[in-house]
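# Remarks on the overall topology
Listed here are the chains, written in short residue letters.
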Amino acid sequence: AQSVTQLGSHVSVSEGALVLLRCNYSSSVPPYLFWYVQYPNQGLQLLLKYTTGATLVKGINGFEAEFKKSETSFHLTKPSAHMSDAAEYFCAVRERSNDYKLSFGAGTTVTVRA
Amino acid sequence: KAGVTQTPRYLIKTRGQQVTLSCSPISGHRSVSWYQQTPGQGLQFLFEYFSETQRNKGNFPGRFSGRQFSNSRSEMNVSTLELGDSALYLCASSIPRDRGASGANVLTFGAGSRLTVL
């Protein structure tokens, strides 16, 4: 079964600083990989996804993530944090052979200091 | 185009009651999945429907059930509510791909129905 580990349940950054959220998965076959964001009292919004091809994936709101097979990682970054980036972020995986279920990490809450 | 619509957004029930939550998927999306989100357990898969059939089910007791209608709208029902059922219930819709086809089946989530059980 797939598992997803997000290192750090809370991350605090200064406005304008780098945002780095870590995600590692456990699977012998690289799955599909996703990052979702959740704002208070809202559902999940897709930031970006990796399916195949280029390992550096660009998403919405200036976020990007890099798939590293050797490290089984899919870390999310944003060069310069904005106050509006304060939210909870979830890494998720989906098996390539079982295209129905997302397995989520525990989430990382990002706070942005002025 | 309209997103995934979930109703009601908020509701309060007491233990032992039952609840029905509704989900209208994006037009053209035929697969609907449900997830439960709690502070303790995080996001957990409940079930997935396609063409009015439950294709997959997560590890939840039989008190949790669902169905899908011919227009792809879906409902989920929780009977004999327990305090631990308090959660945000999220619905997601997608255009399912044939199994084995390349590319990921991307889920679009609704805003959720927040259930409080007293």
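Please refer to the structure higher up on the page.
Procedures and definitions
- Residues numbered from 1 in each chain as written.
- Chains lettered and ligands numbered in written order.
- Predicted model: local features only at pLDDT ≥ 70, side-chain atom pairs only at ≥ 80, totals over all residues.
- Heavy atoms only, no water.
- Helix = DSSP H or I, 4+ residues; strand = E, 2+ residues; numbered from the N terminus.
- Rg over C-alpha atoms; globule rule 2.2 N^0.38 Å.
- Buried < 20%, exposed > 50% of the residue type's maximum accessible area, 1.4 Å probe, protein only.
- Contact = heavy atoms within 4.5 Å.
- Lys, Arg positive; Asp, Glu negative; His and termini not counted.
- Charge placed at Lys NZ, Arg CZ, Asp CG, Glu CD.
- Salt bridge = Lys/Arg side-chain N within 4 Å of Asp/Glu carboxyl O.
- Disulfide = S-S within 2.5 Å.
- Pairing = 2+ DSSP bridges.
- Axes fitted to C-alpha atoms, helices over the stretch in contact; angles between N-to-C directions.

Along its length, chain A carries zero helices and 11 strands. Against the compact-globule benchmark of 13 Å for 114 residues, chain A has a radius of gyration of 13 Å, which places it among compact chains. Principal-axis analysis of the C-alpha atoms places the extent of chain A at approximately 45 × 30 × 20 Å. Each of the 114 residues in chain A was classed as buried or not, and the buried ones make up 46%. The long-range share in chain A, meaning contacts at least 24 apart out of those at least 6 apart in sequence, stands at 57%. When the 10 positive and 8 negative side-chain charges of chain A are each reduced to one mean point, those points stand 3 Å apart.

On to the pattern of salt bridges, then. Residues and elements named next belong to chain B. For the structure shown, the criterion picks out seven salt bridges over all chains. Close ionic contact of Glu48 with Arg55 constitutes a salt bridge, the shortest N to O distance being 2.6 Å. Residue classification places Glu48 among the buried residues on the basis of a relative accessible area of 0%. Arg55 gets classed as partly exposed once you look at its relative accessible area, which sits at 29%. A salt bridge links Arg63 to Asp85; its shortest N-O distance comes to 2.8 Å. Note that Arg63 is positioned in the loop between β6 (53–57) and β7 (64–68) and Asp85 in the loop between β8 (74–78) and β9 (87–94), a separation of 22 residues in sequence. When its relative accessible area of 16% is taken as the criterion, Arg63 is described as buried.

Counting across every chain of the model gives two disulfides over all chains. Disulfide pairing places Cys23 of chain A opposite Cys91 of chain A at an S-S distance of 1.9 Å. Handedness of the Cys23 of chain A-Cys91 of chain A disulfide follows from its S-S torsion of about -60 degrees: it is left-handed. Here Cys91 of chain A lies in strand β9 (residues 87–94) and Cys23 of chain A lies in strand β3 (residues 19–26), a separation of 68 residues in the sequence. The exposure class assigned to Cys91 of chain A is buried, which follows from its relative accessible area of 0%. There is a disulfide in this structure between Cys23 of chain B and Cys91 of chain B, and the S-S distance comes to 1.8 Å. Handedness of the Cys23 of chain B-Cys91 of chain B disulfide follows from its S-S torsion of about -60 degrees: it is left-handed. With a gap of 68 residues between them, Cys23 of chain B in strand β3 (residues 19–24) and Cys91 of chain B in strand β9 connect regions that are remote in the sequence.

Turning to the sheet that holds β8 of chain B, a few remarks are in order. Residues and elements named next belong to chain B. Read from one edge to the other, the open sheet built from four strands follows the order β1-β3-β8-β7, with strand pairing classed as antiparallel. Taken across any chain shown, the strands that pair with only one partner, and hence form the sheet edges, are β1 (5–7) and β7. Each neighbouring strand pair of the sheet contributes to a mean axis angle of 15 degrees, computed without reference to strand direction. Direction of pairing for β3 relative to β8: antiparallel, over a ladder of five bridges. Within β8, the position partnered with Thr20 by the bridge is Asn77.

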